[in-house]
Each structure stands twice: as C-alpha cells, then as structure tokens.
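Spelled out, the chains give:
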Amino acid sequence: MRNSKWFGAALASALLVTGGAGSIVATSSNVSAAAVNTSAVKTAKATWKVNSLPVAFSTIDSSGYKLYSLSEVAGELGAKVILSSNGFELNDSKGLHTVQLQADAKSYLVDGVSQQFTVAPVLYNGKVYVELTKLVTALGGELTAEDQSILSFARPEGQFDTLHWNADGSIIANRSDSETAQLLKFSAFPGVYDIFSSNESALDFAVSPDQKWGAFTDDKGQLNLINLSSGAISPLGTDTSVKMDLVWSQDGKTIYFIQGDKQEKIGQISVDTGAVKTLLEDKVENKSELRLSADAKSVVYIVNVTGVAKNDADSTEDSLTVDFSKAGEQLYKLDLSTKDAKPAALTTALDNKLYPEILANGTVAYLSADPDGNAANTLKSIGADGAITNIALDVEPSWTTGVTTGLIVSGTAADGSTTIYSIDANGSKTSLFHTTEDVSEVAVSHDGSKLAIVSDGKVLLIQNGQALQLTK
Amino acid sequence: MKVFKKLTVTALTAVIAVTASFAGIAAAADSLKGKITVNGSTALLPLTLQAAKEFQKLHPKVKIAASGKGSVTGPQAVKKGIADIGACDWDASIDVPGFKAFDGQVANKVAVIPFATIVNKNVGVDNLTTEQLAGIFSGKITNWKDVGGSDANIVVITRSFGSGTRVNYQAKALGGGDIVKKEKNYKETGSSGDMKTAVATTPNSIGYIDLVYVTGSDIKAVKFNGVAATTDNVINGSYKIWAYGYYMTKGQPTGATKEFIEYVQSKKFQNGSLKKLKFIPIAAMKG
C-alpha cells in the first residue's frame, strides 16, 4: 500500500527546474505549472489516520487553503501515478477509478467526468500539492474530517439488515435499499468488502452451527445451500413444497423446517442425501418459529391460532360473524424421540409470544408482550413441570435468542439506551455492551468474541471494546 | 431512529461468553401498539400470518389476529366494523361480476396470486382454451372426449359463491362466463384445501386453485391457451389467470394497520417471505 517512495522517485526524475524560483516545467511531458512565489508558501506536516495508522503528510498553504502532497497521499492509498502529456493520471489499486489532473488547472477528470478543485493543484519544490478531500474521494477512498481519518476504500453506503457471520470471521449483510439484490461480505477492516451474492432468494438464510453454510428456499420451494465463504449455491434435494423457518441440527447433518402450503407439517431434510421426511402431520395449520433442542430429541414451535369466521351458505353480510377471542400464538413441544408422540401445548394465555428457545436444561424460554400494549415485555421460562415464570431483567427485553450457554437478550432501559446481555443457565447476567443508540439486529461471531449489530441501518463490528462502523 | 453521528457504543465487555452462532432482529424502544384484525381470503391467510409474525418482531406489543372465510367476507367484515383489514382476492372498491363495490373502502395491493386449472391425474387432457373451459363450467361441454380426452363424463368442482378464486377464475379463465350449477357431476367446495382434496380424489374431475396448492401427484395443472401455469409465465405476461390480492380498509389505513400494510408491501417482505410462500411480488408485474 505504501509506495510513496516509488512515486517520489519517479516524479523527481520526470521534472526539471529550468527557470527561476518557482518556475517549473516537466520536460518529459510538457506539463507546465504556474509560478509559485516560494516566499509566500508555508510548508508543514499534517497527521491523519490512514487505515487506522498515523501518517504525516507534507502540506503547503496556498491562498489560504491547505494542499497535500499528491505523491504521499496517492502512495498511502495504494494508487498508481503516471505522468503523461496530459498531466498526472492516478489509478486506484482496485482499478476502479482513474483520476486525471494537471498542476495549475482547477478542472480534473474522475472516471472521465469533469470535476472542479476549489484551488488548482500547485507544483512546489518538485512536488504537486492538491486538495486532500477531493483527491481521496476521487480515488474511491473516504475521508472523515472530524477525526482526521482516511480509508483507502470508502465504506458502502445504504441501509443494511439481515446480519450473519461466517466461519472466516466475515460479516454478511443485505443492502436493503439496493435496487437489485445485494449481499455484501465485510472483513473486520472498514472499507474492505466484496459483493457476496446477488441471488434474491439468498438474502436471508439459516446458518449452520459451524457457520460454513447457509440454507434457504427459493420461490419454487427448492432448498439450497450457500457456501458462506465463496457464495457458491447448490440445490439440496428435489422437494419443492413450501418450507419455512429452517433450523440446522447441531451436527450440521439435518435441516428441520415448517412444511406445507399452510405450514401444517414439520419436516426434515438430510444434508447428505437430500431425502425429506415428515415428522409431524397433525393437520394443525399455521405453525412457525421452529426450534430444535441441542440433542435433536424435541422441537418447540408456535401455532398461530386464527379467529373463527362464520356465515351462511350465500355468504350474506348479515350472517357474517368473526370471533377473535381465542386468536393468538401458543407454544407447543413435540418429543421427537418417541414414536407417534403428540404435540403438547405449553401455553394458553393470549399474550404475544416471540423468540421461543429450548435451553440446554430443557427449559423453554420466550419473550412475552402485552397485546394491549400497556405492560412491559417480559422474558418467561417454562420449566419441566409446565410452570411459567418471569426471568428478572433490569431492561425491557425486545429480542432474545438461545446459545449454548443460555440466552442472549437485547433490552431497552428507561432512558432509551440498549443493553445486550448474556444470561447463563443459573440466571446470572453479563452485560455484553451498552449503547445509547437503537439496535435493530445482532449477530455473534463463531468464536463468540465479536458482535455485529445494525443500528440506524448501519453495520457495526464490536470487538475488543471498540466499535467499528463498516457502512455509512 | 437516532442518527449514528459517530461510534457511540460504550461499556463493552470485551469477551462474549458464548460459543454458538446467532443472529436476529431486536425491536428497539418500540412504541407502536394496537390490535389489528384481519378477515377474508383463505388464499391470503398464510401470507398474513407470516407477515404478522415478522411485524411483531419489530413491534412486539402489536396484536394481529387473522381469520379466513373467503374473499367476500373480507370487505364485509370491514364494512361491519368487525375487522380492520379485509383480505380479498379482488379490488372490492369497484364492481366485479357478482359483487357490488364496497363504498368507502380502499384497496391496498399486497400480492399477486396465480391460479391454475387442475384436473384429476386420470385426465389425459393437458391444455384447455378459454372457450373449452367456458363450455365445461357452463355445462355445455360434459364429456372429456369433446376437448381431446377420453370418453368420460366431466366432473366439475367449483368454489362456493363469495370465493375470490371463483371470481377471478370466472373473469380470467372463463372470459366472464358463468359457472352453472348442475344436478350431477358437480360439486362446490368451501376452501382451497377442500378443492384440492376433491379434485385429487374424484376421477375425471376439473377444478381451479391457487397455483401454490398445485402439489402432489394426484392432481395436475393444465395449460391455459397453450401456456403453462407458472409464476414465470405470469410475470412475463403470457399466462393470464392471476389476480392481485388486496387488503381492504375503511378509508386510508392509519396507525398500526397502516404500518402493517406498509410492511407487507415492503421490498423486504415482498422479495423475502412472500416469494417463499409462492406468491408473486406486486412489483414484479410493473413495467
């Protein structure tokens, strides 16, 4: 990345001072520059963080503007500089952008499109000095004046959602405001990212326990696997029934799902053979939120009980009645280890139930919300005896998920701040991070050392006590 | 949402004591609350319930209760004030054959629903024209041999009056033709599921159904005017038996109802779960 020495040498050999003080001509290219009154020029050093590392750039003050050494800035950004008959041509290291400029000319070209400097580049003592912000952005970099920082490659802009980690430690996120489907894969270094997939069906997927594979269905009902490193997609099996809420087994060999046009079945598919097997077909429709125990011996799911509408044979308006009094979500548990076992109802109350989880000790946890909107959300657990108790928290929970050690919970305090906790099997809580900003999504890395969050549509990496904003 | 002017995460614990992967949505300091009731089209019910589940993750305190009883009961329920949203397979704010407009209601497009003509697996015919279908459902054509099949009586299976699938099938497949009740070789069903079961278990039968239900080996979809019933053919304009699904509301929706409808219409839901449930996004039909 740091080729400023190379550039400095090349420039020195190409330029020759032929006139009096301040009059400079590039003999090999007929590039000319305006005279600069050296006595009026103030030179200095300005330190910026370039890709997180401090760099002192040579600067001059010209007409009240601070201009930066072209060679030094280009070198730090890894850009290649060519001196030609038309002036200087700079190419960024990815080959995505070309910048053409001349000393003493306010006009310059970025990818063939004319732009204007506020102050024309100046040749002084064999070096060209330019406006920093315009040079950095023209080369595809990003400059933040507030904290004097520069990134070689600008972070992508937009609204992001649907976060996932992969086994390589990369974060995969969907750019939701993109015209076309676009999944981006981010490294832990801001500005370093790739387009991971443009497959519309793959915008969200269930991640395997080893974070090497994602599973998703397409609009034909076909199940597919996506390699979370390469983005390669391959079909799994040939079944095209509707499959929702995919869940991997801990050994990564089986994927469980809610199956059927009306989500009336629970099924599974072998990752090795693609063979589909129906586990439950009890004619109860509207199943969702499938969860599998770590030992794969039981599943928990929600049944969305619908209202009951009645009318006469002629569908007259007068005859129509609808009873919503029993409508709502109820939790069920199915023992997969017992042949022909029947689902057991775990709940009867009409609260809103979200995020069910089966913990290692068999306890079922879920988030309960007041359908009247008056009481705060609570986190509840259902013990082996069927008793439902509240899990004490000092925040109002809004999201939870199960992990091998217990639960991860995101909640909002009275002051509006967000805290994410881990709660172990004994109910002991550890604060993972706290922020005054809204958090709309959370994902944790394979080794558990890092979090990725979405806040205000931006993707942030949280590690080692630091938050890095990967998008803008 | 507050704007992230700079990195403001504080008090981070450096090591997270977990070893499993997870990702999910957290509803942050959400204040939206309210109850939303939805009644009507059984075809749209799975879509409504899926959207409700996802919407509640964003707004846990919003209650969404839904029921299905045929499209016409959607705008009827809205008119009677017993549902906030009437799910309907046609635009009930305008007159359609058999049903007057529901004045004052607003039709909010939420999905594209393809329909298919289906026959029992023993029927040898694999393509029917508009004229042939109109003849079959009006009772003028009664034997499969008259449309290229074997010598066997055609058993007509249709949806009951008030079904959105029936309204659309008459308009799009039968060219506005009637479905005439017959004394024999005729049956009415009350839901898409019942229709599928009836055709699957009745030799020489013909019916019609949402394309999503065309699964299994006991029924098969036949081409319409030579064009196969596929979502691709709907989108490319060559297959004509489809309709928009609507959420009817009393006037413009407001509050939680408005937010819910906007979620169903969002790109995230339209291109995500809606497609996985084998509906077609409304945006796919533009341009």
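Residues numbered from 1 in each chain as written. Chains lettered and ligands numbered in written order. Predicted model: local features only at pLDDT ≥ 70, side-chain atom pairs only at ≥ 80, totals over all residues. Heavy atoms only, no water.

- Going by an unreviewed UniProt entry, chain B carries the name Phosphate-binding protein PstS 1 and comes from Paenibacillus auburnensis.
- UniProt, in the comment section headed Subunit (unreviewed entry), describes chain B in these words: "The complex is composed of two ATP-binding proteins (PstB), two transmembrane proteins (PstC and PstA) and a solute-binding protein (PstS)."
- Of chain B, the UniProt comment under Subcellular location (unreviewed entry) reads exactly: "Cell membrane". (UniProt positions renumbered as here; feature names shortened; annotations may be inferred.)

- As recorded by an unreviewed UniProt entry, chain A carries the name Tol-Pal system protein TolB and is attributed to Paenibacillus auburnensis.

**Remarks on the overall build of chain B**
- Broken down by element type, chain B carries 9 helices and 11 strands.
- Evaluated residue by residue, chain B yields a buried proportion of 59% over its 287 residues.
- Carbon and sulfur atoms make up 52% of the accessible area of chain B, which totals about 11000 Å². (Helix = DSSP H or I, 4+ residues; strand = E, 2+ residues; numbered from the N terminus. Buried < 20%, exposed > 50% of the residue type's maximum accessible area, 1.4 Å probe, protein only. Areas by Shrake-Rupley, 256 points an atom, 1.4 Å probe, with all protein chains shown as cover.)

**Here's the deal with the pattern of salt bridges**
- Going through the model one piece at a time under the given rule, you end up with 24 salt bridges over all chains.
- In this structure, E289(A) engages K57(B) in a salt bridge whose closest nitrogen and oxygen atoms are separated by 2.9 Å. Of this pair, E289(A) sits in strand 28 (residues 287-292) while K57(B) sits in helix 1 (residues 45-58), on two different chains.
- For E289(A), a relative accessible area of 4% puts it in the buried group. (Salt bridge = Lys/Arg side-chain N within 4 Å of Asp/Glu carboxyl O.)

**Details of the environment of L123(A)**
Residue and element names in this part refer to chain A.
- Of note, L123 is situated in strand 12 (residues 122-124).
- A relative accessible area of 2% means that L123 is categorised as buried.
- Sequence separation between L123 and A443 is 320 residues; the distance between their C-alpha atoms is 50 Å.

**With respect to helix 5 (residues 192-201) of chain B**
Residue and element names in this part refer to chain B.
- Every buried residue of helix 5 is listed here: S192, M195, K196, A198 and V199. Buried positions in helix 5, seen along its axis, are confined to an arc of 165° and lie on one side of it.
- Along its buried surface, helix 5 packs onto strand 5 (105-120), strand 7 (155-159), strand 8 (186-189), strand 9 (205-210) and strand 10 (219-224). (Arc of directions from axis to C-beta. Contact = heavy atoms within 4.5 Å.)

**Looking at the interface of chain B and chain A**
- Facing the 73 residues of chain B at the interface are 106 residues of chain A.
- Across the chain B to chain A interface the summed buried area is about 7600 Å²; carbon plus sulfur atoms make up 53%.
- The interface formed by chain B and chain A contains 10 salt bridges.
- Across the pair E396(A) and K61(B) runs a salt bridge whose closest N-O atoms are separated by 2.4 Å.
- The tally of links from chain B across to chain A stands at 25 residue pairs in polar contact (both at pLDDT 80 or more).
- Ranked by residue count, the leading element in the side of chain B that touches chain A is helix 1 of chain B, at 7 residues.
- Considering only residue class, the side of chain B that touches chain A consists of 35 nonpolar, 20 polar and 18 charged. (Buried area = accessible area lost by both parts, 1.4 Å probe. Polar contact = N/O pair within 3.5 Å; in protein donor to acceptor, adjacent residues only side chain to side chain. Nonpolar A, V, L, I, M, F, W, Y, C, P; charged D, E, K, R; others polar.)

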